[in-house]
Amino acid sequence: MTTTQRYNVAVVGATGAVGAKMLETLDKKNFPINELHLLSSKRSAGKELEFQGKTYTVQETTPESFEGIDIALFSAGGSVSKKFAPEAVKRGAVVVDNTSAYRMDPEVPLVVPEVNEEDIKTHNGIIANPNCSTIQMVAALKPIQDQFGMSRVIVSTYQAVSGAGNEALDELRTQSKAFLEGEDLEAELLPVSGEKHHYPIAFNALPQIDVFQDNGYTFEEMKMINETKKIMHDDTVHVAATCVRLPFFTSHAESVYVEVDKEGVTVDQLKTAISNAEGIVLEDDPENQVYPTPLSSAGKCDVFVGRIRKDLDNQKGFHLWVVSDNLLKGAAWNSVQIAESLIKNNWLQK
Ligand SMILES: NC(=O)c1ccc[n+]([C@@H]2O[C@H](COP(=O)([O-])OP(=O)(O)OC[C@H]3O[C@@H](n4cnc5c(N)ncnc54)[C@H](OP(=O)(O)O)[C@@H]3O)[C@@H](O)[C@H]2O)c1
C-alpha cells in the first residue's frame, strides 16, 4: 500500500504458522511499517527472524510490549488474546485478532473486507478476524446475497492440517513417513489438542475440528454458523456445517449448497456475479476440467470458486466448490487487509 505515514506494528504469535504468513504478507503488500515488534511466548523468546533483509529478535509478550504500538496483529491463541489484547488497547494500539476470543462479542466487529468493511469503523480497539473456513465461504456468498438474496447455506469442509498450527503439520509429516515405511502411527494431537482421544490424520479423514458442543456440532461448525450470520448481517439465514480435516498441508476446500430468494436465477448469472466480485476468482470450466484445488490455490490471496451447478430438485438451490489458502485469506491476508483499511479510511482512532 502507498502512504507517507508509517506505523509501529506488533505481531503476536510471530513464530507460528499464521505468524510466518503474517510477516510474508506485510512484506509482499509493502505495509507501511516504522517499527516491527515480533512477539511470542517465553519458549521462542530470543529466536531470530528475518524481515525485509533485517534480523529481528523475538520477544516474550508482556503488557509493556505494546507501549508505542499503533497496530497489533494477534495470532497466538484465544487465551493470549484475552490476556493481552486489552493491554494493547489500553496502551493505544488497535488490535486485529485472529483467534475466536472476541468474534461473537457484540462490541467487536467481525470483518471480511470484501463483505463488511464498513463495520471496521465501529471498533473500540479490537477488530476480529473470522474463522478461516468462514472467511472464504462468506466472500464467495456475498455477491450471491447482494444480487439474489439468500435463505439457506449447507457447507461441508475439507480442511488442511495447517489450520491446526505448526505442531499438527509436524504430526502429519511424521505419520505419513511412518505409514509409508509400514510402521505404526502415533497420534498425539489431532483432532484436538487436549482431548481424550487422538486419531491419525495421515491417509485419513477426521470429522471433528475443535471440541463438540452440547448440540452435537463441533465448535468449528458453530463458528461457521454464527460468524456467517454476524458478518453477513442476517440472523434469519439458515446455516448448517460439517467440518472435516484431511491430510494435506494448505488451503481449505468447501462444498457449499446455497438457496437463493429470487426465482429463475441461472448458473450463468451466478457465475457473472461471482466473477465480478472483488477478491474472488472463478475457475469453472468442467469441459476442460478447470476447477480450483488446495494445491492450485496455496500461496495465493484470492478465494477460488468452481463447479457451480443448479440443484436438480430445487430451482433455487446451487452447489459451489470454494477453495482458498487458510493461512492467507483465511488468516494473515484478511488481517493485513483490515489493517490497511484502518489506515486508508482513517479509522485507527477509536
Ligand atoms: N492456522 C490457521 O489456519 C488459522 C487461521 C485463522 C486463525 N488461526 C488462529 O491463530 C492462532 C495461531 O494459530 P497458528 O496456526 O499460527 O498456531 P501455531 O503454529 O501453533 O503458533 C502459535 C503461536 O502462538 C504463540 N504463543 C503460544 N502461547 C503463547 C503465549 N502464552 N504468549 C504469547 N505467544 C504465544 C507461539 O509462540 P511460541 O513459538 O513461543 O510457542 C506461536 O508463535 C490460533 O488462535 C488459531 O486458532 C489459525
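The structure displayed is predicted, hence computed values, not measured ones.

Undergrad: With reference to specific residues and values, describe the nonpolar core.
TA: In globular proteins that are soluble, nonpolar side chains generally tend to be buried together. Counting 57 residues, the largest nonpolar core has Phe 66, Phe 74, Leu 141, Ile 144, Val 153, Val 305 and Leu 320 as its most contacted members. Element by element, the count of residues in this core is highest for helix α4 (residues 132-148), at eight residues. Ignoring any residue separated from it by four or fewer positions in sequence, one finds Leu 320 in contact with Ile 144, Glu 254, Ser 255, Val 256, Val 258, Leu 270, Ile 274, Val 305, Gly 306, Arg 307 and Ile 308.

Undergrad: Could you give me a rundown of unusual backbone geometry, with the residues and numbers involved?
TA: In this structure, the amide linkage connecting Leu 190 to the following residue, Pro 191, adopts the cis form with an omega of 10°. Mapped onto the elements, Pro 191 comes out in the loop between α5 (166-180) and α6 (219-231). Positive phi is not limited to glycine here, since Asn 30 has a value of about 55°. You can call Asn 30 partly exposed: its relative accessible area is 46%. In this model, Asn 346 sits at a positive phi of 60°, which is unusual for a non-glycine residue. Position of Asn 346 relative to the elements: it lies in the segment after α9 (328-344).

Undergrad: Tell me about the pattern of salt bridges, residues and numbers included.
TA: Evaluated as defined, the whole model comprises 16 salt bridges. Linking Lys 177 and Glu 181 is a salt bridge whose minimum nitrogen-to-oxygen distance equals 3.7 Å. What makes Glu 181 partly exposed here is its relative accessible area of 47%. For Lys 223, the salt bridge identified is with Glu 220, shortest N-O distance 3.3 Å. With Lys 223 and Glu 220 both in helix α6 and three residues apart, the pair spans about one turn of that helix. Here the two residues Lys 223 and Glu 220 agree in accessibility, since each one is buried. Three or more residues joined by partner-sharing salt bridges are found here, namely Glu 64, Glu 67, Glu 87, Lys 90 and Arg 91.

Undergrad: Can you break down the pairing of strand β4 (residues 54-57) residue by residue, with the values?
TA: Strand residues, when the strand is regular, have side chains that alternate between the two faces of the sheet. Two elements, strand β3 (residues 48-51) and β4, share four bridges in a ladder whose sense is antiparallel. Across the sheet, the residue bridging to Glu 50 is Thr 55, located in β4.

Undergrad: With reference to specific residues and values, describe the sheet that holds strand β11 (residues 252-260).
TA: Taken in spatial order, the six strands make up an open sheet running β10-β9-β11-β14-β13-β12, and their pairing is mixed. On the outer flanks of this sheet lie β10 (238-245) and β12 (280-282), each paired with one strand and no other. Across the sheet, the mean angle separating the axes of adjacent strands is 20° when strand polarity is ignored.

Undergrad: An account of the sheet that holds strand β1 (residues 7-12) is requested, with residue identities and associated values reported.
TA: By way of backbone hydrogen bonds, the strands of a sheet pair with one another, either parallel or antiparallel. Strand order in the open sheet formed by six strands is β5-β2-β1-β6-β7-β8, and the pairing between neighbours is parallel. Each end of this open sheet is capped by a strand with a single partner; those strands are β5 (59-60) and β8 (126-128). Where strand β6 (residues 71-74) lies against strand β7 (residues 94-97), four bridges are found, and the strand directions are parallel. Residue pairing across strands places Ala 72 opposite Val 95, the latter belonging to β7. Sitting on the sheet, helix α2 (residues 78-90) is in contact with β1, β6, β7 and β8, with an inclination near 175° to β6.

Cut-offs used in this document
- Residues numbered from 1 in each chain as written.
- Predicted model: local features only at pLDDT ≥ 70, side-chain atom pairs only at ≥ 80, totals over all residues.
- Heavy atoms only, no water.
- Core = buried A, V, L, I, M, F, W, Y, C linked by side-chain atoms within 4.5 Å.
- Buried < 20%, exposed > 50% of the residue type's maximum accessible area, 1.4 Å probe, protein only.
- Helix = DSSP H or I, 4+ residues; strand = E, 2+ residues; numbered from the N terminus.
- Contact = heavy atoms within 4.5 Å.
- Salt bridge = Lys/Arg side-chain N within 4 Å of Asp/Glu carboxyl O.
- Pairing = 2+ DSSP bridges.
- Axes fitted to C-alpha atoms, helices over the stretch in contact; angles between N-to-C directions.

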